[in-house]
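Okay, here's what each chain looks like letter by letter:
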Amino acid sequence: MQLIFAGSLLIAAGGSTDTRAQTTAAPATEQVQAATMRRYDIPAGPLSNALTQFSTEAGIFLVGAIELAQDKTTPGVRGTFSAQAALNALLTGTGLEAKRNAQRQYVLQLATSEAGTLPLMTVSTSADFLKQGTAEEGYRVSNISGIGLWGERSLRDIPYSMSVVPSDLIENVNAQNMGQIFKMNPLTQEPNIQNHNGVPLVTIRGFQSSNPIYDGIPMAAGNGSAVSVIEIDRVEILGGTSGFLYGGGRVGGAINYVTKSPTHVPLRRLTFGNYGGTQFYGHADISGKFDERGRFGYRANLLYQGGDTAIGEPVNQKVANIVLDGHLTDTLYADVKYTYNDYRKDAIQPLFNNIGERTAIDTSKRYSPKWASNDLESHKAYTSLRWDPSKYFTLRSAFFYQNTHAKTIQINLDEQVDGTFIPRIGKGAWDKYENYGGYIYLDTHFSTFAIDHKLTFGYSSTVLDQVSPEGLPDKFGTNLSLSELKNISEPVWEEPPGTGSTYLGRYNNILIGDNIIFNDQWSAMVGLNYATTINRGTGWYGNGSKYDKSALTPTVSLLYKPIEDVTTYVSYMEALEQGTIVGNTYANRREMLPPLVSKQYEAGLKYDINPNLLLSTALFRIEKANQYSDNARPIPSYVQDGLQVHNGVELLLTGKITDNLTIMGGGTLMDLSVEKSNNPALEGKKPTNAASRMGKIYAEYALPWIPGLSLTGGIYYTSEKYANAANTDKIPSYTLYDIGARYSTRVLDKALTVRLNVINLTGKDYWQSATYLGVPRTVAFSVSTMF
């Protein structure tokens, strides 16, 4: 298994099969940085722990194979040294050495005197490194895979608010989808898991983010974009506008799903469990290398899930994720990933469209008949390439394609004055979604006098091509109580008409960015994105409307490190966003509203309290054009009018408080308002579906007197929010409690982990949003073993 130590950056380029062949002189400016003197106080002890602490404090690249550091001890280092001298001291007596390679990384390798008798180690990609964010590290991730065109870098040294959720945490809370994770995260509101495609519509900083990102490639829209937890290595949650980074949309924040890649040492793991109710599942994760030198690797994740949810919704899911990667040459790396997802869920809960009084509804009951369902079948392919022809240039590129077919039978409920509901039933035909995306970036490294630059040029593009056969007319039922709803018969449907609707949405981005290092304390990141948004629609998706609009969206950030472990920053960014296609319940249905430009101002601070504990906080202001229903009678219109302003502060704390106590907690406090509206009645009102306050904490405590046993739990508070622009429909606040336990041991010399989680411990009845009920009490468990 390859090792990347906390505080260093992931490499994604192919390396030599012999690390000694890659060591070479660094550029002059890098030699100056390498020679920078720092004070170190690293005690004697296990070598791997010492190297982790050193890499975090020094902020350098340090890669190698975990086998090299295992079972070795270090005499430690104390005093003021350069990075190379400190490494030499730490490695004294270990038979190892560290040298700088062409990719500006320190490579841990066998000392030259011993290399002739011991096997050669391979420099590999980020996928092969010792996984960051393990439970043992307190789920603290030191580095991110990349953020837009900026590429890989330290989490502490980016001028944006960001939280990273590693796969260890996803597995340890028995999450069956990302809804559970976003409920726990301090930056995000608990989302609705869309019945239609299973991708959460996540609200960040009061704005909904519906355009996911896969391995750094942005999608034009979330429609038809399916994701499974078994393919995820980590989730990178960016708080704030990301227009320069990922193109249009994502005003409040962005979600980057980083998928799994091959491991260096063989991995054979089976997991059997239950997601709640009778939803039993089996998951196999198999990985390794094809050849002895470790140049080519593979990974396969397979899942089968079947049974009923905690409220009796039948679910069946099959997922297959296959990955191949390889070092085609010493400087060229490529990978290919493919995911198949077949998902069906019956008896899906109804949507509540018009509610008289927002009273609690029992979420532990199912209200829909079994024929209310959604189906999805998805094929997703991804490939990336990285070429390092020299120490001054790096070429990065990637391409993504997803083909999805989905259909749903959905019940919508309108509440009447007597407390009964009239069901409105819609049946869609098989919609077809094709998502394309890709990027190509060229990084250049150079210096002007004593100032270092990493200048990046690039282009990215993303397209959604959607075809929807004309749906059948909705069917209306008679007044029913909720308890009667699940007994209604499926309507008799006519043959669907032959016509349909089409939609094409596209973002193109031409980018240039410069990461400027003035000295050890001051740096800047500046860039421009010439962004273009293209929208064309027929039928339900715009009735022939189209537009092609461009805007130059800049970003500028200034970073300052008053001390080694603290980074402060100020930043400004703009984003171009597509206008909404007005839904069919409005008088101006099918109208395509014009694109919008939003602006964000942010100031923040990040502090490494210790190598496994990061504190970050940010102040922000986002300005965006307002879109809302005007509530006109008898039929309202959906309009753009006024300015939506979100001012707020965020606080995040992730990692180990003590050797036994891990926390992931924080909160968001916002002042939300609509300003400068042509409708005076809306000025000062709160935007819809935006909670102004959130406070969340998840904790684990490893019992010192029972090795391997950890108690887990969380408390998650979300304040009230509003379902309509007039703020007459208030969605109540709620607090949710989770508890759990995890026990790790060895059986027949194989690792074994048992997990138990109770979600919504008190069975709280609550509203996730204006139309969706909350998650009922659910008991989930799993057993994982190596084989």
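Residues numbered from 1 in each chain as written. Predicted model: local features only at pLDDT ≥ 70, side-chain atom pairs only at ≥ 80, totals over all residues. Heavy atoms only, no water.

**A few points about the overall build of the chain**
A count of helices and strands for the chain gives 9 helices and 45 strands. Put simply, the chain has 787 residues, and 60% of those count as buried. The long-range fraction of contacts in the chain, counting pairs at least 24 apart against all pairs at least 6 apart in sequence, stands at 67%. Just so you have it, the chain exposes about 29600 Å², and 58% of that area is on carbon and sulfur atoms. (Helix = DSSP H or I, 4+ residues; strand = E, 2+ residues; numbered from the N terminus. Buried < 20%, exposed > 50% of the residue type's maximum accessible area, 1.4 Å probe, protein only. Contact = heavy atoms within 4.5 Å. Areas by Shrake-Rupley, 256 points an atom, 1.4 Å probe, with all protein chains shown as cover.)

**Focus on the environment of Thr735**
Turning to its location among the elements, Thr735 is positioned in strand 43 (residues 734-747). Taking the C-alpha atoms as reference points, Thr735 and Thr762, separated by 27 residues in sequence, lie 9.8 Å from one another. Once residues within four sequence positions are removed from consideration, Thr735 is found in contact with Ile715, Tyr716, Tyr717 and Lys764.

**Side note on empty space enclosed by the protein**
What the rule picks out here adds up to 9 cavities of 30 Å³ or more. What lines the second largest cavity is a set of 17 residues, among which Glu171, Thr271, Tyr275, Tyr281 and His283 lie closest to the centre. Within the residue set of the lining of the second largest cavity, elements represented by two or more residues are helix 6 (167-172), strand 19 (267-274), strand 20 (280-289) and strand 45 (778-786). A per-class count over the lining of the second largest cavity returns 7 nonpolar, 6 polar and 4 charged. (1 Å grid on protein atoms, 1.4 Å probe; cavity = no way out; pocket = protein on both sides within 12 Å on 5 of 7 lines; lining within 4 Å. Points joined across faces, edges and corners; volume = space filled by probe spheres on them. Nonpolar A, V, L, I, M, F, W, Y, C, P; charged D, E, K, R; others polar.)

**Comments concerning the confidence of the model for the chain**
This prediction gives the chain a mean pLDDT of 83; 84% of its residues lie at or above 70. Low pLDDT (under 50) marks residues 1-35, which in the prediction has 145 contacts with non-local residues, meaning those over four places away or in another chain. (pLDDT = per-residue confidence, 0-100.)

**A few points about the packing of aromatic side chains**
Going through the model one piece at a time under the given rule, you end up with 13 aromatic pairs. Their ring planes at 50° and their centres at 5.2 Å tell us that Tyr401 and Tyr436 sit as a pair that is tilted. Taken together, the residues span a long stretch of sequence, with Tyr401 in strand 26 (residues 393-415) and Tyr436 in strand 28 (residues 431-448) at a distance of 35 residues. Judged by its relative accessible area of 24%, Tyr401 is partly exposed. Taking 4.6 Å as the distance between ring centres and 10° as the angle between the ring planes, the aromatic pair formed by Tyr439 and Tyr441 counts as stacked. By the ring-pair criterion, three or more aromatic residues cluster together here, those being Tyr214, Tyr257 and Phe400. Residue placement shows Arg205 over the ring face of Phe620; its charged tip is 4.0 Å from the ring centre. For the cation-ring pair, Arg358 lies above Trp767, with the distance from its terminal atom to the ring centre recorded as 4.5 Å. (Phe/Tyr/Trp six-rings, centres within 6.5 Å; stacked < 30°, edge-to-face > 60°. Lys NZ or Arg CZ within 6 Å of the ring centre and 35° of its normal.)

**Examining the sheet that holds strand 13 (residues 200-204)**
With respect to topology, 3 strands assemble into an open sheet ordered 12-13-14, the strand pairing being antiparallel. Because the sheet does not close on itself, it has two edges, and the strands there are strand 12 (192-193) and strand 14 (207-209). As paired strands, strand 13 and strand 14 are joined by 3 bridges and run antiparallel to one another. Bridge pairing in strand 14 links Ile204 to Phe207. (Pairing = 2+ DSSP bridges.)

**Here's the deal with the pairing of strand 23 (residues 332-346)**
In this structure, strand 22 (residues 314-327) lies alongside strand 23, joined through 13 bridges in antiparallel fashion. Bridging across to strand 23, Asn321 finds its partner in Thr339. In sequence, strand 22 turns back onto strand 23 through a hairpin of 4 residues. Pairing geometry for strand 23 and strand 25 (residues 373-390), over 15 bridges, is antiparallel. Along strand 25, the bridge assignment pairs Tyr333 with Arg386.

**Focus on a nonpolar patch on the surface**
Taken together, the side chains of Tyr392, Phe393, Ile440, Leu442, Phe457, Tyr459, Ile510, Ile512, Leu528, Tyr530 and Leu552 make up a nonpolar region of the molecular surface, amounting to roughly 960 Å² of accessible area. Elements with a contribution of two residues or more to the nonpolar patch: strand 28, strand 29 (451-469), strand 31 (500-517) and strand 32 (522-537). Inspection of the secondary structure assignment puts Ile512 in strand 31. (Patch = residues over 30% accessible without salt bridge, like charges linked within 9 Å, V, L, I, M, F, W, Y side chains within 5 Å. Salt bridge = Lys/Arg side-chain N within 4 Å of Asp/Glu carboxyl O.)

**Some thoughts on the sheet that holds strand 17 (residues 232-239)**
A sheet is described by the order of its strands in space; here 5 strands give the open sequence 11-17-18-15-16, paired in mixed fashion. Because the sheet does not close on itself, it has two edges, and the strands there are strand 11 (161-166) and strand 16 (217-218). Sheet topology note: the strand 11/strand 17 ladder contains 6 bridges and is antiparallel. Each residue of the ladder has a partner; that of Val165, found in strand 17, is Val235.

**Topic: the environment of Asp335**
Here Asp335 shows up in strand 23. For Asp335, a relative accessible area of 6% translates into the label buried. Considered as a pair, Asp335 and Leu385 are 50 residues apart in the sequence and their alpha carbons are 6.8 Å apart. With residues up to four places along the chain from it excluded, the contact list for Asp335 reads Leu324, Asp325, Tyr382, Thr383 and Ser384. Here the side chain of Asp335 touches Ser384 through a polar contact of 2.5 Å, side chain to side chain. (Polar contact = N/O pair within 3.5 Å; in protein donor to acceptor, adjacent residues only side chain to side chain.)

**Structural notes on the side chain of Gln279**
Looking at the secondary structure, you find Gln279 in the loop between strand 19 and strand 20. Its relative accessible area of 2% is what places Gln279 among the buried residues. Within the structure, Gln279 has its side chain in polar contact with the side chain of Gln305 (distance 2.8 Å). What Gln279 contacts, discounting residues up to four positions off in sequence, is Gln176, Gly273, Asn274, Gln305, Gly306, Gly307, Asp308, Thr309 and Val315.

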